[in-house]
Amino acid sequence: MSQLVRHIREATRDLDVARVRALMGRIEIELGSEQAMPDVSGRLRRVFGVANFSTAHRAPLDLDQMADAILRDLEGVDTGTFRVSVRRADKQFPLTSPQVEREVGGRIKTKRGWRVDLGQPELTVSIEILPDQAFYSFGKERGPGGLPTGTGGRVACLLSGGIDSPVAAFRLMKRGCTVLFVHFHSYPLLSRASQEKARQLAAWLTRYQLRSKLALVAFGEIQRRVVLTVPAPLRVVIYRRLMVRIGERLARAWHARALVTGEAIGQVASQTIENLSIIGGVASLPVLRPLIGMDKDEIVAEAQRLGTYEISIIPDQDCCQLFTPPHPATKARPADVELAESQLPIQEVVESAAAAVEWEEFRFPELRHRDLAGEVDVLNRVQ
Ligand code: ATP
Ligand code: MG
């Protein structure tokens, strides 16, 4: 709960929020003014651990005053059916929940003439009884669910500019993990486009975890070395094993407990169980593949809901298009991979790539500017 309170404070720190506090199993966000609600709601939709939320008002612990306040707020609202739903956080209150429901419901019915429907009402008036006051609200909005950011520990996600890996990162973020992004690029052999996409994806995903780091790793020279000695069909697997090794190196330095990739079985010819286990086998940290059993169209739908799809489909030159043979091995043999790798100065390659990493930091909300709702917010990048 305290993690969640802290996260909400930080997620709304540029908005008109007077206070955020835990209050008997729920969290109260006191707004400076009611006009802040749309912006605050927008933020809450991205705070993992929030199951649902609503705009609530306070009322005294007196049935008449409670009903009056509710009726005043319902002026201008019309409905056919309604119900009152009461929860008591304070069991000392002399009336039971059903009694309060009947009392307040009766007053509303008398005044407005609406029909009570306990099953599928068009309007639900929720009341929460606390020791010194009551809250009432009309209807709940679903939050994103999941677990509060920071409760799941750190992981490092290999983030390409593609569709899958941002979705994989999101899945882990939703389960409370803080994700470090690691992107491999082939600049200056190729354009900077893939780096810019990785930045945009990192910025977009930072709106959930609020602070991120992106490691940009130069991979072009490494690929050039691989091409010199490794037979074409094995190259994809060897590139991936190098990415995993370098990723693990960075992950450990950042105290991450696992690596994450966007791989799914059979999505491309090289993503067979055999290859995935050879690729993952090089890591001593666990390699998590949250999309492993998903179809491409399911991943695309999730990327669209998440908003990363639009960034992922921007054309770029992926580092793996360069130097990638048309027919990668679908079942690389461990002995062949080991033989090929014995021709490479693996340790040196990993060390020098890790030493040359460029780090970028992202924050949300950005310190000065306000949320550009719904737009790719690359401005929240801390230079
Ligand atoms: P994606 O859409 O995530 O790129 P993909 O279906 O295109 O996935 P591959 O490109 O073969 O599949 O990559 C498999 C996984 O390897 C990616 O999901 C990602 O985790 C990692 N990966 C691939 N290329 C890179 C890269 N340039 N930088 C960082 N990670 C990468
Ligand atoms: Mg890719």
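See the structure printed just above.
Residues numbered from 1 in each chain as written. Chains lettered and ligands numbered in written order. Predicted model: local features only at pLDDT ≥ 70, side-chain atom pairs only at ≥ 80, totals over all residues. Heavy atoms only, no water.

K.L.:
How should I be thinking about the pattern of salt bridges in this particular structure?
P.N.:
One pass over the full model with this rule turns up 28 salt bridges. Taken together, the salt bridges that share partners define one network made up of Arg19, Arg21, Glu28, Glu30 and Arg58. (Salt bridge = Lys/Arg side-chain N within 4 Å of Asp/Glu carboxyl O.)

K.L.:
What should I look at first to understand the nonpolar core in this one?
P.N.:
For soluble globular proteins, nonpolar side chains are generally found buried alongside one another. Within the largest apolar cluster, 41 residues are counted, with the highest numbers of intra-cluster contacts made by Val182 and Ile246. If you list the elements that add at least two residues to this core, you get strand S10 (154-158), strand S11 (178-185), strand S12 (211-218), helix H7 (220-229), helix H8 (235-253), helix H9 (273-280), helix H12 (334-342) and helix H13 (346-355). For this core, the leading source of residues is H8, giving 9 residues. Sequence-distant contacts of isoleucine 246, that is, excluding residues within four places in its chain, are made with Phe184, Val217, Phe219, Ile222, Val350 and Ala353. Core analysis: the second largest hydrophobic core is formed by 34 residues, Trp204, Leu205, Leu291 and Phe362 among them. (Core = buried A, V, L, I, M, F, W, Y, C linked by side-chain atoms within 4.5 Å. Buried < 20%, exposed > 50% of the residue type's maximum accessible area, 1.4 Å probe, protein only. Helix = DSSP H or I, 4+ residues; strand = E, 2+ residues; numbered from the N terminus. Contact = heavy atoms within 4.5 Å.)

K.L.:
Would you explain the sheet that holds strand S7 (residues 123-129) in this entry?
P.N.:
The pairing of strands in a sheet comes from backbone hydrogen bonds and takes either a parallel or an antiparallel form. Pairing is mixed across the open sheet formed by 5 strands, whose spatial order is S4-S8-S7-S5-S6. With one partner strand each, in any of the chains shown, strand S4 (56-59) and strand S6 (115-116) form the two edges of the open sheet. With 7 bridges joining them, strand S5 (residues 81-88) and S7 adopt parallel strand pairing. Within the sheet, the bridge partner assigned to arginine 83 lies in S7 and is threonine 124. This element, helix H4 (residues 97-112), spans S5, S6 and S7 of the sheet and lies at about 145 degrees to S5. (Pairing = 2+ DSSP bridges. Axes fitted to C-alpha atoms, helices over the stretch in contact; angles between N-to-C directions.)

K.L.:
Looking at this structure, I do not really get the state of the cysteines. What am I missing?
P.N.:
When the sulfur atoms of two cysteines share a covalent bond, that bond is a disulfide. Scanning the model with the defined rule gives 0 disulfides in all. Between cysteine 157, a cysteine without a disulfide, and cysteine 177, which holds the nearest cysteine sulfur, the sulfur-to-sulfur distance is 11 Å. Overall, the relative accessible area of 8% leaves cysteine 177 in the buried class. (Disulfide = S-S within 2.5 Å.)

K.L.:
Please explain the pairing of S12 as it appears in this structure.
P.N.:
A regular strand places its side chains on the two faces of the sheet in alternate fashion. Taken together, the 5 bridges between S11 and S12 define a ladder with parallel strand orientation. Of the residues in S12, the one forming a bridge with histidine 183 is leucine 216. The parallel pair S11 and S12, bridged by helix H6 (residues 193-209), forms a crossover whose chirality is right-handed. (Right-handed = clockwise from strand over helix to strand, strands pointing away.)

K.L.:
Mind showing me how you'd approach the packing of H8 against H12 here?
P.N.:
Helix-helix packing is described using two parameters, namely the angle between the two axes and the distance between the axes. Their axes nearest at 11 Å, the elements H8 and H12 cross at an angle of 70 degrees. Taken together, the axes of H8 and H12 are roughly perpendicular relative to one another. Judged by the sense of rotation from one axis to the other, the crossing of H8 with H12 is right-handed. In this structure, H8 uses Val237, Ile238, Arg241 and Arg245 to contact H12, whose residues at the interface are Val337, Ala340 and Glu341. Of the residues assigned to the contact of H8 with H12, the class counts are 4 nonpolar, no polar and 3 charged. (Parallel < 35°, antiparallel > 145°, perpendicular 65-115°, else oblique. Left-handed = near helix turned anticlockwise from the far one by under 90°. Nonpolar A, V, L, I, M, F, W, Y, C, P; charged D, E, K, R; others polar.)

K.L.:
How should I be thinking about the site of ligand 1 in this particular structure?
P.N.:
Around ligand 1, a shell composed of 18 residues is seen, among which Leu158, Ser160, Asp164, Arg240 and Gln267 lie nearest. Taking aspartate 164, its side chain carries an N or O atom lying 2.6 Å from an oxygen atom of ligand 1. Between ligand 1 and arginine 240 there is a distance of 2.7 Å, counted from an oxygen atom to a side-chain nitrogen or oxygen. For the shell around ligand 1, the elements supplying multiple residues, two or more each, are helix H5 (164-174), S11 and H8. Considering every element that reaches the shell around ligand 1, the biggest residue donor is S11, with 3 residues. Here the residues of the shell around ligand 1 sort into 7 nonpolar, 8 polar and 3 charged. (Near = heavy atom within 4 Å. Polar contact = N/O pair within 3.5 Å; in protein donor to acceptor, adjacent residues only side chain to side chain.)

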